[in-house]
Amino acid sequence: MSVDGFLTAVEDVLHGTPRPVHLHEPLMGEAEACAMAECARSGWVSYASPEVARFEAMLSQATGIPHAVAMVNGTAALHLALILAGVRHGDEVIMPALTFAATANAAVQAGAVPHFADSDPRTLGLDPAALEAHLEQTVSPGPQGPVNRLTGRRIAALVPVHVFGHSPDMEALAAIAARHAIPLVEDTAEALGSSANGRHAGGHGLLSVLSFNGNKIVTTGGGGAILTSDPELAARARHLSTTAKKPHPWRFEHDETGFNYRMPGVNAALGVAQLERLQDFLERKRRLATRYQEAFRRVACAAMFPEPDGTRGNHWLNAALLHEEHCGLRDAILEEGIRRGVHMRPAWTLLHRLPMYAACPRANLAQAESLERRIICLPSSAGLMEAAHG
Ligand SMILES: *Cc1c(COP(=O)(O)O)cnc(C)c1O
């Protein structure tokens, strides 16, 4: 009965959309095809393409963050951002347990150990009060930043994640980072177009990163970006991501161990065409979120996760939250959804449950564990609004 009630609400919103309906599909058309074809004809297909600079300028414009440096993917962007923030071998990086594995993978690639903190059910992001209490208990100030008293390792970065595009309480988290002298790097991979108190996601961090993977709100096939308001960090991001080659008319020399992380021109050309439609995507997604909110008022076992106070999210992924006493229905809803051609997804398995991260330091994760049991992500493609309403 409850399983059916949940799915009926989802199917009401999906209306006549042909099945199967996937969780998130890109919206691509003639503009994207033309942009890529033109790029190919121009011959400028690598990162030296003017399309990369154009895409970066559009990203700065869309976010209000002065510098954007386009990367091959969001994970690479986060890896490099952590290095730029000063993360070194043997450090710890604090992040939520409720995030995509890439957040932790990037920290490990930078030589650090993930340190998991609890989530706030009001934002789905890091809980500032719980984090402050955990830091009080766990860290002591050191000469180069706070040190985890239990492991002896330095806490080198705090990485809040804007889960499904929703803003965590960044004001409180930025204050905690400042108080403890921990560099702040925002994982806004899912949050292009989201803002809180009039400020675009990523605007509090020393650095922030975006992803343009195929499932994100704007896609370049694969892609990412580092954003920062610090011109020197942006210059270092460019240098390190292009094999740290010294600029010179003919000499071929490098001054550091660099990365080959820059976004190719073909991907940027696609990104330019997609970014031109960002406002349209945001509007469709807001309409879809409103439709789900309305449909779920009639559902007994769950409610839609509401946009946190003071924020204006991009509604990248719509999440329904089962009431705690009904969380046993989750898997049956997902199974029955697939049977009906409606592809939904639970939250990510919390990172401390994955074999490679099971031994990482962590806070009490009671709220994240509750959210993990209760979240069901609903089909959220921008194209659904058009399909459902002609
Ligand atoms: C997508 C995503 C990433 C990584 O981006 P890729 O472009 O897939 O490498 C990192 N963090 C979060 C929260 C993401 O959703």
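The coordinates are above.
Here's a quick rundown of the structure. The structure displayed is predicted, hence computed values, not measured ones.

1. Details of the overall build of the protein
Argument step 1. Counting its secondary structure elements, the protein contains 13 helices and 16 strands.
Argument step 2. Relative to a compact globule of 390 residues, whose C-alpha radius of gyration would be 21 Å, the protein shows 21 Å and is just as compact.
Argument step 3. With respect to the principal axes defined by its C-alpha atoms, the protein has extents near 70 × 60 × 35 Å.
Argument step 4. When the 390 residues of the protein are sorted by exposure, 56% land in the buried category.
Argument step 5. Seen as two clouds, the 34 positive and the 40 negative side-chain charges of the protein have centres 2 Å apart.

2. What about helix H7 (residues 170–179)?
The α-helix winds at 3.6 residues per turn, so residues separated by three or four positions along the chain end up facing the same way.
Argument step 1. Residues Met 170, Leu 173, Ala 174, Ile 176 and Ala 177 constitute the buried set of H7. End-on, the buried residues of H7 take up no more than an arc of 160°, which puts them together on one face. Across from the buried face of H7, at angles greater than 90 degrees, the exposed residues are Ala 178 and Arg 179.
Argument step 2. On its buried face, H7 sits against helix H6 (128–138), strand E6 (155–158) and strand E7 (185–187).
Argument step 3. Just downstream of H7 lies Ala 181, where phi reads positive at about 55°.

3. Details of the site of the ligand
Argument step 1. Of all residues adjacent to the ligand, which total 15 residues, the nearest are Gly 74, Thr 75, Glu 190, Ser 211 and Lys 216.
Argument step 2. At 2.7 Å from an oxygen atom of the ligand is found a main-chain nitrogen or oxygen belonging to Gly 74.
Argument step 3. A distance of 2.7 Å separates an oxygen atom of the ligand from a polar side-chain atom of Ser 211.
Argument step 4. In isolation the ligand exposes 380 Å². Once the protein is present, 93% of that is buried.
Argument step 5. Counting only elements with at least two residues in the shell around the ligand, the list comes to helix H4 (74–84) and helix H5 (101–109).
Argument step 6. Partitioning the shell around the ligand into residue classes produces 4 nonpolar, 8 polar and 3 charged.

4. Observations concerning the packing of aromatic side chains
Argument step 1. All told, the structure shown has 5 aromatic pairs when counted by the stated rule.
Argument step 2. Ring centres 5.1 Å apart and planes at 70° place the aromatic pair Phe 55 and Phe 212 in the edge-to-face group. In this pair, Phe 55 is assigned in helix H3 (residues 50–63) and Phe 212 in the loop between strand E10 (207–211) and strand E11 (224–228), connecting sequence segments 157 residues apart. Of the two residues, Phe 55 and Phe 212, both sit in the buried class.
Argument step 3. Measuring from centroid to centroid gives 5.0 Å for Phe 259 and Tyr 261, while their planes differ by 20°, and the two rings are stacked.
Argument step 4. Take Tyr 261: its relative accessible area is 17%, and that puts it in the buried class.
Argument step 5. A cation over an aromatic ring shows up here: Lys 245 above the ring of Phe 252, its NZ or CZ 5.0 Å from the ring centre.

Cut-offs and rules
Every chain is numbered independently, its residues counted from 1 as its sequence is written. pLDDT decides what is reported in this predicted model: residues at 70 or higher carry local features, side-chain atom pairs at 80 or more are listed and counted, and totals for whole chains, interfaces and linings draw on all residues regardless. Each side-chain value is derived from all of the structure's non-hydrogen atoms; neither hydrogens nor water enter the calculation. Strands are runs of DSSP state E lasting at least 2 residues, helices are runs of H or I lasting at least 4, and numbering of each runs from the N terminus. C-alpha atoms define the radius of gyration in this analysis, and the globule rule sets the expected value at 2.2 Å times the number of residues to the power 0.38. The rule is simple: take the accessible area with a 1.4 Å probe, protein chains only, and divide by the maximum for that residue type; under 20% is buried, over 50% is exposed, in between is partly exposed. Under the counting rule used here, the positive set is Lys and Arg, the negative set is Asp and Glu, and His together with the chain ends is not counted. By convention, the point assigned to a charge is CZ for Arg, NZ for Lys, CD for Glu and CG for Asp. Throughout, the arc means the angular range of directions from the helix axis out to the C-beta atoms. What makes two residues a contact is simply this: any of their non-hydrogen atoms within 4.5 Å. Whether a residue is near a molecule or strand is decided by its heavy atoms; if any one of them lies within 4 Å of it, the residue is near. Pairing of N or O atoms within 3.5 Å defines a polar contact, subject to two protein rules: one partner must be a possible hydrogen donor and the other a possible acceptor, and residues neighboring in sequence count only if both atoms are side-chain atoms. Areas reported as accessible are Shrake-Rupley estimates using a 1.4 Å probe. Residue values count occlusion only from the protein chains shown. Each residue gets one label: Ala, Val, Leu, Ile, Met, Phe, Trp, Tyr, Cys and Pro are nonpolar, Asp, Glu, Lys and Arg are charged, and the others, such as Gly, are polar. Put simply, two rings from Phe, Tyr or Trp (the six-membered ring, in Trp's case) pair if the centres are within 6.5 Å, and we call them stacked under 30 degrees between planes, edge-to-face over 60, tilted for the rest. By definition, being over a ring means that NZ of Lys or CZ of Arg is both within 6 Å of the ring centre and within 35 degrees of the ring normal.

That is the geometry; function is a separate question.
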